[in-house]
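# Coordinate inspection notes
Spelled out from the first residue to the last, the chains are:
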Amino acid sequence: MTARFPVARPRRLRRTRAMRRLVAETRLDPASLILPMFVKEGIAEPQPIPSMPRVVQHTLDTLRAAAQEAVEAGVGGLMLFGVPARKDGRGSAADDPDGIVQQALRKLSADLGDATVLMADLCLDEYTDHGHCGVLTPSGEVDNDRTLERYASIAVAQAEAGAQVVAPSGMMDGQVAAIRSALDEAGHRETAILAYSAKYASAYYGPFRDAAECAPQFGDRSAYQQDPPNAAESLREVMLDVDEGADMVMVKPAGPYLDIVRRVRDAVDVPVAAYQVSGEYAMIEAAAAQGWLDRDRIVMESLIGIRRAGADLILTYYATPEFLRSLRSRD
Ligand code: PBG
């Protein structure tokens, strides 16, 4: 039956794939995806991570090959995480010029130059024997201000090794200001800061803690990472970081915090990143392995959702060469 009066027909713009592509409001572009990569000291072969199928802890050599391939496929940036051979109370390997991430940064920056954006996660949890993101007081609490001194030194070591962006993820108060002034004093005015500003104390980091071997040996991170019920607090954290000199800010995890992504995007004028974390990846992989979900469609839908919420950049373990190439051929 034909309507007797002109009704709105939004379906006209959904009829063909070409029409849907033409009017898509949100797109996924390899250039806005950042691939997190793990490099481990003292291994001869890449090590699989059981809870993160197809993600590995790289050797220096396999890291170089994988980075090269991701760059050729158009990745926007690489985020490096190091797993040192030795850990101690102060995380000494984190700012050691010969520490594993510094070695990796020197090699990748020689290999890749300016062809991609080389980033380093800046934290202590991978490097401390207790697994916390900072140094501890005698009573076992994370000591904010002594940790800032460590972060300042790590930032300089990473910048000196070739990081173009350092990404503090420890949620210490004042970390962006401390890092900015240390970088400036050491002559690294051009090194940018991507602040993990709104980072929640999340169970979604579970698989990452296997990948980076950094599960806290006692307690948890709720005394420094944010409490999941809070949203306004994220805006406060983001504003403080922007004031302290953050060049880009991040919301993490991404999927369960899309409201935060939107609010942050609307509140600031710097690029906003969102991190689709290990647990978000593991859930998709587990369901797909059971045949319960269509992996490729879920990956696209989850990433498009994060973009639509307002993220300019997405850190995701799906930013693999295969996926980036598939994005390019789709268009
Ligand atoms: C801390 C850090 C973590 C992640 C990135 N940086 C773990 C944590 O805070 O416990 C998690 C990333 C992921 O789950 O994919 N250095």
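Residues numbered from 1 in each chain as written. Predicted model: local features only at pLDDT ≥ 70, side-chain atom pairs only at ≥ 80, totals over all residues. Heavy atoms only, no water.

## A few points about the layout of surface pockets
By volume, the largest pocket is sized at about 910 Å³. What lines the largest pocket is a set of 21 residues, among which Arg 20, Ala 24, Thr 26, Met 300 and Ile 304 lie closest to the centre. Elements supplying a minimum of two residues to the lining of the largest pocket: α1 (17-23), α10 (295-309) and α11 (321-330). In terms of residue count, the dominant contributor to the lining of the largest pocket is α10 (six residues). Residues that form the lining of the largest pocket fall into these classes: seven nonpolar, one polar and 13 charged. Of the voids in this model, the second largest pocket is the one considered here, and its volume is about 580 Å³. Along the wall of the second largest pocket there are 23 residues; nearest its centre are Arg 54, Tyr 317, Thr 320, Pro 321 and Glu 322. Elements that contribute at least two residues to the lining of the second largest pocket include exactly β1 (33-40), β3 (56-58), α2 (60-72), α10 and α11. In terms of residues, the lining of the second largest pocket owes the most to one element, α11, which gives five residues. The residue inventory of the lining of the second largest pocket, partitioned by class, reads 14 nonpolar, three polar and six charged. (1 Å grid on protein atoms, 1.4 Å probe; cavity = no way out; pocket = protein on both sides within 12 Å on 5 of 7 lines; lining within 4 Å. Points joined across faces, edges and corners; volume = space filled by probe spheres on them. Helix = DSSP H or I, 4+ residues; strand = E, 2+ residues; numbered from the N terminus. Nonpolar A, V, L, I, M, F, W, Y, C, P; charged D, E, K, R; others polar.)

## Overview of the side chain of Thr 147
Here Thr 147 lies in helix α4 (residues 144-161). Side-chain polar atoms of Thr 147 contact the backbone nitrogen of Val 135, separated by 3.0 Å. Apart from residues lying up to four places away in sequence, Thr 147 is in contact with Leu 124, Cys 133, Gly 134, Val 135, Val 142 and Met 172. (Polar contact = N/O pair within 3.5 Å; in protein donor to acceptor, adjacent residues only side chain to side chain. Contact = heavy atoms within 4.5 Å.)

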